[in-house]
Structures are given as C-alpha cells and as structure tokens.
Amino acid sequence: MTSATPGGVRGSSMADPRHLVSIDDLSLAEIRALFEHARAFAADPRAFAHLCPGLISASLFYEPSTRTRLSFESAMLRLGGGVLTAADMKSTSASKGESLADTVRVVGGAYADVIVLRHASEGAARLAAQYSPIPVVNAGDGSHEHPTQTLCDLYNLWEERGRIDGIHVVLAGDLRYSRTIHSFVYALARFGANIVCTPQPGFELPAYVMQRLREEFGVEPVRADTSRLGELAEACDAMYLTPQKPHQLSLFTDASKGLAVERVDALYMTRPQTERFTDKDLPIAKYQQLGPRQMKAASLKDAVVMHPLPRRDEIQPELDADPRSIYFKQAARGVPIRMAILAFLLGRIDLKTPARTGEERFYTQRMGENPCTNPTCISRTETRHVKPLFRLASRFPVRAYCGFCSQELQAPVVGSANSGLFFERESVEARKIRPEHLVLCHSEAHALAQGFRRGAVESRAR
Ligand code: CP
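Residues numbered from 1 in each chain as written. Predicted model: local features only at pLDDT ≥ 70, side-chain atom pairs only at ≥ 80, totals over all residues. Heavy atoms only, no water.

Side note on the sheet that holds strand 12 (residues 362-364)
Consider a sheet: its strands pair through backbone hydrogen bonds, and that pairing is either parallel or antiparallel. With antiparallel pairing, four strands are arranged side by side in an open sheet as 12-13-14-15. The sheet is open, and its two borders are formed by strand 12 and strand 15 (408-409), each paired with just one other strand. On top of the sheet, helix 7 (residues 207-215) reaches strand 13 (389-395), strand 14 (398-402) and strand 15; it is set at about 120° to strand 14, its chief contact. (Pairing = 2+ DSSP bridges. Helix = DSSP H or I, 4+ residues; strand = E, 2+ residues; numbered from the N terminus. Contact = heavy atoms within 4.5 Å. Axes fitted to C-alpha atoms, helices over the stretch in contact; angles between N-to-C directions.)

Shown next as structure tokens:
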C-alpha cells in the first residue's frame, strides 16, 4: 500500500520505516509468514538473541498495560536487543505538556530503533507514525485498534484450529469499546472466517466498524439463530457476519430462521471497557458471564475459550481448568508473535511475501477546520502538530473516514482548496475535486465561514 501521509504505513527502509498502525497494514500472506516465524521462536525462544543485538525498543505507554508492554519487552530482550520503558507517562515530560509528535521525534531521533506506543486517543499511533523516523507499533489507541493483540489472537487460532478461513468465531461482551475486537473483526473478515456477534446489550459493534466491514471487507450481516449457543446469547440480538461467498452460506440449512450457530471453533470474551464509558453507558446491566454452565451449550463442545485479558468477572475462575480455556496460553503466545513483529519491522527477518497493494490512500486536508467530531480522536485531543487526515470511502458521492480514528466524517458539503469553491457532495463537481484539494465541511454555513464561495452545479449523482 502506498500512502500520501508523511510517515505513512508503507516503507522498505529505515529512511521510510514500515509502521504497524492498523491490522490492515499487513497482507494476509505477511500475517501467515509472521505465524511461521512465531512458531519457530516459540519452539526455542532462547535461540534468536543474534537477531537484534544493539537495537533498542522504546515503550511509550500513556495507558496501563501488563501483557502488551511486558511481552514486547520480553520479545525484544529475547531477540538480543534492549528496551527503554516509559510505563507511566505522567513521569515524563508529557506531564509538562509535551506533544506526542515531539515525544516520538525525540525518542525516534537517537534513543531507540522502534517505538511501541499505547495511547488513550484513537489515531494516536497514526499521528506518531507521521512524525517518527523509526517504526511505530500501535499497542492500542483508545477504542480504535489493537493490531498486535489481533496478531496474537490470529496466531492462537492458527495454532489451535490449523486455519482461520471458514472457522466460526463467537465474539461476546463489550464489542463497542474493545479495540481488540475491532482489529480482530477486520482481520477475521479478510481471512474469510464466520463471525457471530453476541454482544452485551448496548455494546454492539460501532456503526463505523460495521460500515467498514460491509464496504471494505465484503461482509454480510445476517440474523443469527443462537438457540444452540445457550444462555450466552439469550439477552442479545445475535448477528452473523459472513464473508460474501456463497459457499460459506451454504454451510447453513435454514437461512429463513437466521443462520444457525451449529458448531463454534472459538468463543472470544471481552471485559467491559469501563475506562471508555460515558455517563450514558452506566449503570451497566448484568454483564455476560462464562462459566462451566454456559460452556455446556451444544455448539460450544469443541470451542476454545479466548480472552485478551485482563478479565474481571466475565469468565469464572472455575473455567480455568477446562481444557478448552486457552486464555493464559493465548497471552504466553504474545511473546513469540511480538518477536516476529519486531524482527520484521526492524528488517531482521524477511517475510518473502508481498505487502498489501493498491488500497486506501490517506490525504491531508490542506486547509480549513478539522472535520472530525469524535471527541476522543487524537485530531481533537492533541492541539498541536495535527493536520486533518482523511481516507476516501467514495468519490461519488464524496464520503470519507477520519484518517486517525476511522469514524465517518459528516461532510455534506466539500470545498476545493484549489478553486475556493464549495459544492454539495452528491454533485458531479464535487467528484471533480482532486482528493489532494478536498476540504470537508459540516454544512454550507461551515464552508462559507471558512471563506469558500458556492460553485455552480450542473447535476447531482443519482
Ligand atoms: N490484552 C492486553 O492488551 O492486555 P494489557 O492491557 O495488559 O496490555
């Protein structure tokens, strides 16, 4: 994939470093190649200290972590490298008001060779990648994405089930705020897995995630018949997300009743992400819980139970001894997969496989106000060094996602930074504006306030 952003997601040398901001940054072939390396690392973790001697990873964690930070640091040490840790950013100059952009320029300047970043704002890793001269790994950005957890989860599925395409994965709990889930569903969709969503009521997948799944990843949402899933799915509106391939749908017998969840390969539970809740999300109704009773459901007979951890009460400790429970093994596999990620981004292993090509392009809005209204997007929480960034979903009519947080931008009117004219997004004239010149506006009044003049319109899109 090419990128129009400075510090975009593709690069082949340290002068143009490769970042891991989104799970979409990797091709499926690359992900499979990372699994092969992870398997070798897992077989003999002490045998690869020759791969990264003299190299340093910097952990910049603006939010708490146990697994992600420590498994990355363990991975770097096992590869023979060193680590710098800012586990509590309150003890750094971030507390004096230093921006994320300045911090990564300093750390990436001479202190380290790769940055592992966790941040509370969606899009923080994208912003960091724009400014960092060294690879940036997204270790979780707000409720947006957590691509290395997803690589760990996919690696677990690959080891446990032998494949990912065509398997049936049930996602339970807080699907709305869980960044882990968002990266996971994008990847599962691309691999051609069948996803069954059984969310905690009120915590369904966000609209922007559903939209991306449909538009970019070819997923078809269908009502799910979860009668064989027992009480786990009783209270929620379960939904099947299936790849748009007839042979997948033919696995099910009676589509009129909703596709039946007959046999589940993996059940993935998540905790309530209370740190992201707004007042409207509280009090939370009785949260879904997994225990020996729920796991008696017919369709879960052979399902592995996964959880990114930390857990609260959503998985009862009584389930820990069940051979289907793999969540601690899942966390342990975080080390070899992160060894593979680091060795790859640092150019110490060659995946010998093509990168993603020909997809999305990011564009920096040259002028005008930030069109993103998500209050937890980095484009709103960082006041300096952030230029509005967008990704085009469609040219006709013009539709775009925020390049940082991925949420759809509400822009019924678009201006041209070249001509100074604005048009409604459905007009042919709007389509003629080169993406590099597009300025996304909330309304006509907004366009006028930014100094645009109304352009003459010939016709509208149908
Ligand atoms: N799964 C996960 O991201 O755990 P931590 O928050 O402990 O890093």
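Here the narrative resumes.
Section: unusual backbone geometry
Following Leu 282, the chain continues into Pro 283 via a peptide bond in cis, with omega recorded as -5°. Mapped onto the secondary structure, Pro 283 falls in the loop between strand 10 (266-269) and strand 11 (304-306). Of note, the bond from Leu 309 into Pro 310 is cis; its omega dihedral lies within 30 degrees of zero at 5°. Of note, the phi angle at Leu 309 is positive, near 60°, even though the residue is not glycine. Among the structural elements, Leu 309 can be located in the loop between strand 11 and helix 9 (327-332). By relative accessible area, which is 12% here, Leu 309 ends up buried. Positive phi values are uncommon outside glycine, yet His 385 reaches one of about 65°. (Buried < 20%, exposed > 50% of the residue type's maximum accessible area, 1.4 Å probe, protein only.)

Structural notes on the pattern of salt bridges
All chains considered together, the criterion is met by 25 salt bridges. Here Arg 399 ties to Glu 408 by a salt bridge, and the two come within 2.8 Å at their closest N and O atoms. Across the pair Glu 424 and Arg 454 runs a salt bridge, and its minimum N-O distance is 3.8 Å. Note that Glu 424 is positioned in strand 17 (residues 421-424) and Arg 454 in strand 19 (residues 453-454), a separation of 30 residues in sequence. One salt-bridge network, held together by shared partners, links Asp 24, Arg 212, Glu 216 and Arg 391. (Salt bridge = Lys/Arg side-chain N within 4 Å of Asp/Glu carboxyl O.)

Description of the domain arrangement of the protein chain
Domains assigned within the protein chain are domain 1 (4-147 + 335-345), domain 2 (160-325) and domain 3 (363-454). Listed as interface residues are 18 residues of domain 1 and, on the opposing side, 15 residues of domain 3. Summed over both partners, the interface of domain 1 with domain 3 comes to about 1,300 Å²; 50% of that surface belongs to carbon and sulfur atoms. Counting the surface domain 1 buries against domain 3, the share from its top three residues, Glu 122, Leu 127 and His 144, is 34%. (Domains from an automatic or database assignment. Buried area = accessible area lost by both parts, 1.4 Å probe.)

What to know about the pairing of strand 14
Here strand 14 lies mainly inside the structure; five of its five residues are buried. Two strands pair when backbone bridges link them, and strand 13 and strand 14 are joined in this way by five bridges, in the antiparallel orientation. By the bridge assignment, Ser 394 is partnered in strand 14 with Arg 399. Linking strand 13 back to strand 14 in an antiparallel pair, the connection comprises two residues. Direction of pairing for strand 14 relative to strand 15: antiparallel, over a ladder of two bridges. Across the sheet, Tyr 401 pairs through a bridge with Glu 408, a residue of strand 15. Hairpin connection, strand 14 to strand 15: the antiparallel pair is bridged by five residues, and Ser 406 has positive phi, about 75°.

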